[in-house]
Amino acid sequence: MTATLTAPPRAVPPTSQPAPRRTARTVRHAVALARRNLIKTSRTPEQLIDVTIQPIVFLLLFVYVFGGALGGGSRHDYLQFLLPGLLAQGIAMGSVALGQNLNADIEKGVFDRFRSLPIARSAPLVGAVLADFFRYLILCVIYLGFGYVLGFRVETGVLPAIGAIALSIGFALSFCWISVFIGMKARTSGSVQGIFFLLFFPLAFGSNVYVAPSTMPGWLQAFVHVNPMSQLSAAVRGLTVGGPTGAHVGWTLLWMAILLVVFVPLALRAYRRRA
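Summary of the structure given here. (Residues numbered from 1 in each chain as written. Predicted model: local features only at pLDDT ≥ 70, side-chain atom pairs only at ≥ 80, totals over all residues. Heavy atoms only, no water.)

Some words on the overall build of the chain
In step 1: If you tally the helices and strands in the chain, you get 11 helices and 0 strands.
In step 2: The linear arrangement of helices and strands in the chain, starting from the amino end, is α-α-α-α-α-α-α-α-α-α-α.
In step 3: For the chain, the spread of C-alpha atoms along the three principal axes comes to 100 × 40 × 35 Å.
In step 4: The burial tally for the chain puts 44% of its 275 residues in the buried class.
In step 5: Sequence separation of at least 24 residues holds for 78% of the intrachain contacts in the chain that already meet a minimum separation of 6.
In step 6: When the accessible area of the chain is evaluated, it comes to approximately 14,300 Å², of which 68% is carbon and sulfur surface.
In step 7: Between the mean site of the 23 positive side-chain charges and the mean site of the 8 negative ones, the chain shows a separation of 14 Å. (Helix = DSSP H or I, 4+ residues; strand = E, 2+ residues; numbered from the N terminus. Buried < 20%, exposed > 50% of the residue type's maximum accessible area, 1.4 Å probe, protein only. Contact = heavy atoms within 4.5 Å. Areas by Shrake-Rupley, 256 points an atom, 1.4 Å probe, with all protein chains shown as cover. Lys, Arg positive; Asp, Glu negative; His and termini not counted. Charge placed at Lys NZ, Arg CZ, Asp CG, Glu CD.)

What about the layout of surface pockets?
In step 1: Taken as a whole, the largest pocket spans an internal volume of roughly 310 Å³.
In step 2: Lining the largest pocket are 22 residues, with Asn37, Thr41, Asn101, Ala131 and Asp132 sitting closest to its centre.
In step 3: Of the residues belonging to the lining of the largest pocket, the class tally is 12 nonpolar, 5 polar and 5 charged. (1 Å grid on protein atoms, 1.4 Å probe; cavity = no way out; pocket = protein on both sides within 12 Å on 5 of 7 lines; lining within 4 Å. Points joined across faces, edges and corners; volume = space filled by probe spheres on them. Nonpolar A, V, L, I, M, F, W, Y, C, P; charged D, E, K, R; others polar.)

Points about the packing of aromatic side chains
In step 1: This structure, assessed with the given rule, holds 16 aromatic pairs.
In step 2: Ring centres of Phe205 and Tyr210 lie 5.2 Å apart, and the angle between their planes is 10°; this geometry places the pair in the stacked category.
In step 3: Three or more aromatic residues link up through ring pairs in this structure, and these residues are Phe58, Phe62, Phe66, Phe171, Phe175, Phe196, Phe197, Phe200, Phe201, Phe205 and Tyr210.
In step 4: If you follow Arg153 out to its NZ or CZ, it ends over the ring of Tyr148, 3.7 Å from the centre.
In step 5: Lying across the ring of Phe81, Arg237 places its NZ or CZ 3.9 Å from the centre. (Phe/Tyr/Trp six-rings, centres within 6.5 Å; stacked < 30°, edge-to-face > 60°. Lys NZ or Arg CZ within 6 Å of the ring centre and 35° of its normal.)

What about the pattern of salt bridges?
In step 1: Taken as a whole and assessed by the stated rule, the structure comprises 4 salt bridges.
In step 2: For Asp105, the salt bridge identified is with Arg36, shortest N-O distance 3.5 Å. Here Asp105 is found in helix α4 (residues 96–107), whereas its partner Arg36 is found in helix α1 (residues 19–43), with 69 residues between them in sequence.
In step 3: Residue class for Asp105 comes out buried when judged on its relative accessible area of 6%.
In step 4: The exposure class of Arg36 is partly exposed, given its relative accessible area of 27%.
In step 5: Taking the shortest distance from any N to any O, the salt bridge between Arg135 and Asp50 comes out at 2.5 Å. One end of the pair, Arg135, is in helix α6 (residues 123–150); the other, Asp50, is in helix α2 (residues 49–70), and 85 residues separate them in sequence.
In step 6: Residue class for Arg135 comes out buried when judged on its relative accessible area of 8%.
In step 7: One connected set of salt bridges, linked through shared partners, spans Arg36, Lys40 and Asp105. (Salt bridge = Lys/Arg side-chain N within 4 Å of Asp/Glu carboxyl O.)

Observations concerning helix α8 (residues 189–205)
In step 1: Taking 1.5 Å per residue as the helical rise, α8 with its 17 residues ought to reach 24 Å, and the 25 Å between its terminal C-alpha atoms agrees with that figure.
In step 2: Residue Leu199 marks the point of greatest curvature in α8, where the axis turns by about 30°; the proline Pro202 follows within four residues.
In step 3: Along α8, the residues that are buried comprise Val192, Phe196, Phe197, Phe200, Leu203 and Ala204.
In step 4: Packing partners of the buried residues in α8 comprise α3 (75–93), α4, α7 (158–185), α9 (218–226) and α10 (228–241). (Expected span 1.5 Å × (residues − 1). Bend = angle between axes of the 7 residues up to and from the residue.)

Examining the environment of Ala247
In step 1: Take Ala247: it is sitting in helix α11 (residues 246–274).
In step 2: Taking the C-alpha atoms as reference, Ala247 lies 9.6 Å from Ala234; in sequence the two are 13 residues apart.

Section: the nonpolar core
In step 1: Within the largest apolar cluster, 66 residues are counted, with the highest numbers of intra-cluster contacts made by Leu102, Phe171, Phe175, Trp177, Val180 and Phe200.
In step 2: A total of 12 residues in this core trace back to one element, the largest contributor, which is α7.
In step 3: If near-sequence neighbours (up to four positions away) are discounted, Trp177 is found in contact with Leu125, Val129, Leu260, Phe263, Val264 and Ala267. (Core = buried A, V, L, I, M, F, W, Y, C linked by side-chain atoms within 4.5 Å.)

Digging into a positive patch on the surface
In step 1: A surface patch of like charges, here positive, comprises Arg121, Lys185, Arg269, Arg272 and Arg273.
In step 2: By residue number, the principal contributor to the positive patch is α11, which donates 3 residues.
In step 3: Its location among the elements puts Arg273 in helix α11.
In step 4: Given the relative accessible area of 67%, Arg273 is considered exposed. (Patch = residues over 30% accessible without salt bridge, like charges linked within 9 Å, V, L, I, M, F, W, Y side chains within 5 Å.)

What to know about the packing of α3 against α7
In step 1: Taken N-terminus to C-terminus, the directions of α3 and α7 make an angle of 30°; their axes are 8 Å apart at the nearest point. The crossing of α3 and α7 is right-handed. Residues Leu87, Ile91 and Ala92 of α3 form the contact with α7, whose participating residues are Ser168, Ile169, Phe171, Ala172 and Phe175.
In step 2: Its residues assigned to classes, the contact of α3 with α7 comprises 7 nonpolar, 1 polar and no charged. (Axes fitted to C-alpha atoms, helices over the stretch in contact; angles between N-to-C directions. Left-handed = near helix turned anticlockwise from the far one by under 90°.)

Structure follows, in structure tokens:
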């Protein structure tokens, strides 16, 4: 009588795991790496200067230096106009740190260590983006909190204000993929900021953040009206101090979709080649 031998069950390699299990595995690894980035930031708090000290400096500078002239003599009215725009601009500007940090990690060989670990290859990138959510949340709290000290008041209610914060953070999480793409393509982390701001400043200053578009030349007004920063600024302004919101929110969501469709594939392709 011969015994029937059965082969031991073969381990399923990660690449052949069912899609839901792979997704859950990637999310778990991304959250762990996001926690690593937050711990790293907590040990080097100077990395938070752009989302803590810089908003306060911007508010003081524009309200008390330029507010009297740009606000028609009323600094309070200009603060009500300015702060929603600065919030929209600041939250997009804050994404430059993501590209710089990713580039620096690659230069230091951190991603070489990640490749040696049994984790999804996209987990370090997704974790870095998740960690930036908390930077954007801090920036919103600083702008609205310090603005309240200066006299800014939300005139639409709590829920619209929460909607303005959610829309701003959502836009930042879409806009940050530009920073990721630049961070993957730039040769050094120091050059990431220069390239990013070269692209960002025309959007920031050619917008309705600081002044009403009606004061600008006609050709510039045409650019301002299609500028995603203007649409976000107008949407946040409407949700916090009143005014038309529906069309601006719709255009902002459309720009968010465009940014994701265009820059996520570009960033992922550059990430695979670089990391």
